[in-house]
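# Per-entry structural report
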Amino acid sequence: MGKILWGIGLFLLLFVGWQMLPPPTVNVTAVLGGDVTWVIETGAEVAEGSALVRVAALAGGEAVAARAKEAGVLREVLVRPGDKIISGRVVARLEKKSR
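Now for a look at the structure at hand. (Residues numbered from 1 in each chain as written. Predicted model: local features only at pLDDT ≥ 70, side-chain atom pairs only at ≥ 80, totals over all residues. Heavy atoms only, no water.)

Attention now goes to the nonpolar core. Membership of the largest hydrophobic core comes to 19 residues, with the highest contact counts inside it found for Val28, Val36, Leu52, Val53, Val79, Ile85 and Val91. Not counting residues up to four positions away in its chain, the partners in contact with Val28 are Leu52, Ala66, Arg67, Lys69, Arg89, Val90, Val91, Ala92 and Leu94. (Core = buried A, V, L, I, M, F, W, Y, C linked by side-chain atoms within 4.5 Å. Buried < 20%, exposed > 50% of the residue type's maximum accessible area, 1.4 Å probe, protein only. Contact = heavy atoms within 4.5 Å.)

See the structure below:
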């Protein structure tokens, strides 16, 4: 009986501990380089594929430099308008939607 209670206690401890872990974050990288013209606000809730950073396009106008890889909340934006970025640079950190 004691082993069963220990097993149940251990299971509950692990389950509660897992629920208390912060959701995983995802680094978002730029797929285009250039001069940043627009960034989304920190704390914004985004859907998969949402534009997060735009850069000036060579032909005029703007092009999306980084999109959300999955749905979540934008926790950190590492660039701002006026910055020059290169392809592959981490430009934001996204917290995945809860489990």
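The two faces of a sheet get side chains in turn, since along a regular strand they alternate between them. Burial along strand S1 (residues 25–29) is one-sided: Val26 and Val28 are buried, while Thr25, Asn27 and Thr29, pointing the other way, are not. Of the strand pairs in this sheet, S1 and strand S8 (residues 90–96) are connected by 5 bridges, and their pairing is antiparallel. Across the sheet, residue Thr29 finds its bridge partner in S8, namely Val90. (Helix = DSSP H or I, 4+ residues; strand = E, 2+ residues; numbered from the N terminus. Pairing = 2+ DSSP bridges.)

A few words now on the pattern of salt bridges. Under the counting rule described, the total for this entry stands at 3 salt bridges. Linking Glu95 and Arg75 is a salt bridge whose minimum nitrogen-to-oxygen distance equals 3.1 Å. Separated by 20 residues along the polypeptide, Glu95 in strand S8 and Arg75 in strand S6 (residues 72–77) bring together distant segments of the chain. For Glu95, a relative accessible area of 19% gives the class buried. For Glu76, the salt bridge goes to Arg93, with nearest N and O atoms at 3.0 Å. Pair noted here: Glu76 is in strand S6 and Arg93 is in strand S8, with a separation of 17 residues, a long-range link. When its relative accessible area of 34% is taken as the criterion, Glu76 is described as partly exposed. (Salt bridge = Lys/Arg side-chain N within 4 Å of Asp/Glu carboxyl O.)

Here we take up the pairing of S6. Pairing geometry for strand S3 (residues 45–46) and S6, over 2 bridges, is antiparallel. Looking across to S6, one finds that Val46 is bridged to Gly72.

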